[in-house]
Amino acid sequence: MSMKKSATIVVAGMMSLWLAGCGQTGGVQGTQSEPPAAETSVAETSAAEGTVTEESSAEAVRETQIDETAAAGQEEGSEPADTASEAQTEDTSQGQTQAGGYEDNFAVDSEAAAAFGTQIKDAVAAKDLEALADLAAYPLYVGFAEESVTPASREEFVALGADRIFTAELVESVGNADVNGLTPSMAGFVLSTDDGPNIIFSVVNGSLAVQGINY
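Residues numbered from 1 in each chain as written. Predicted model: local features only at pLDDT ≥ 70, side-chain atom pairs only at ≥ 80, totals over all residues. Heavy atoms only, no water.

(A) Molecular detail of the overall build of the protein. A tally of helices and strands in the protein yields 8 helices and 5 strands. With 215 residues in all, the protein has 25% of them scored as buried. Pairs at least 24 apart in sequence give 50% of the contacts found in the protein among residues at least 6 apart. By element, 54% of the accessible surface of the protein is carried by carbon and sulfur atoms, the whole surface being about 14200 Å². (Helix = DSSP H or I, 4+ residues; strand = E, 2+ residues; numbered from the N terminus. Buried < 20%, exposed > 50% of the residue type's maximum accessible area, 1.4 Å probe, protein only. Contact = heavy atoms within 4.5 Å. Areas by Shrake-Rupley, 256 points an atom, 1.4 Å probe, with all protein chains shown as cover.)

Below, the structure is given as structure tokens:
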């Protein structure tokens, strides 16, 4: 082999080695240019966790605002429990039901009994049958000396006539009755003088009303 041909082979071999070295280095650099898979996964996880944390914080703020709004509405729209309890206790102490009426005859105070008794006395003194009929509850017991009747309505009671209802004995007995000395019983309050004819009134559906007239 000649010296020129040997030199050419050596140069060619050196070029091949140099190109192989350059290619390997380029491959390594190309591989390192992309971030490791593990680092990418960590970055994506951190970003996801940050998003979840922000959403959780926003949700917590919304829930807090809702709770505060509900609490404010409750304070503005409802009566305090202590106040409601005190109001109910006050009504009960006055012997009245929650609807505003009397529970029974024993719940009626003396002033209320005297006031209603005075209305009856005024109607009897004036022999005003219409006024007395307005103070009565029906059916109404009327015990005449000769018989007893039970008018089922105001009209039936008025139809009995003033002359029959307002006898001299009834007018005198009821007219002299002491309204300040009325005492309650199961039957009600008796408006009369001694053992004379009387008018009985009691609590009916929470209100005072005439229940019977006895001669």
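(B) Structural view of the side chain of Ser192. On the secondary structure map, Ser192 appears in the loop between β3 (189-191) and β4 (198-204). Given the relative accessible area of 18%, Ser192 is considered buried.

(C) Fine view of the pairing of β4. Judged by how many residues are buried, β4 sits mostly within the fold: 6 of 7 residues are covered. Bridge count for β3 against β4 is 3 bridges, and the pairing is antiparallel. Among the inter-strand pairings, Phe189 is bridged to a residue of β4, identified as Phe201. Count of turn residues in the β3/β4 antiparallel hairpin: 6 residues, of which Asp194 carries a positive phi of about 55°. Of the pairings in the sheet, the one linking β4 to strand β5 (residues 207-214) comprises 7 bridges and is antiparallel in character. Counterpart to Val204 in the pairing with β5 is Ser207. The antiparallel pairing of β4 with β5 creates a hairpin that spans 2 residues between the two strands, and Asn205 there sits at a positive phi of about 55°. (Pairing = 2+ DSSP bridges.)

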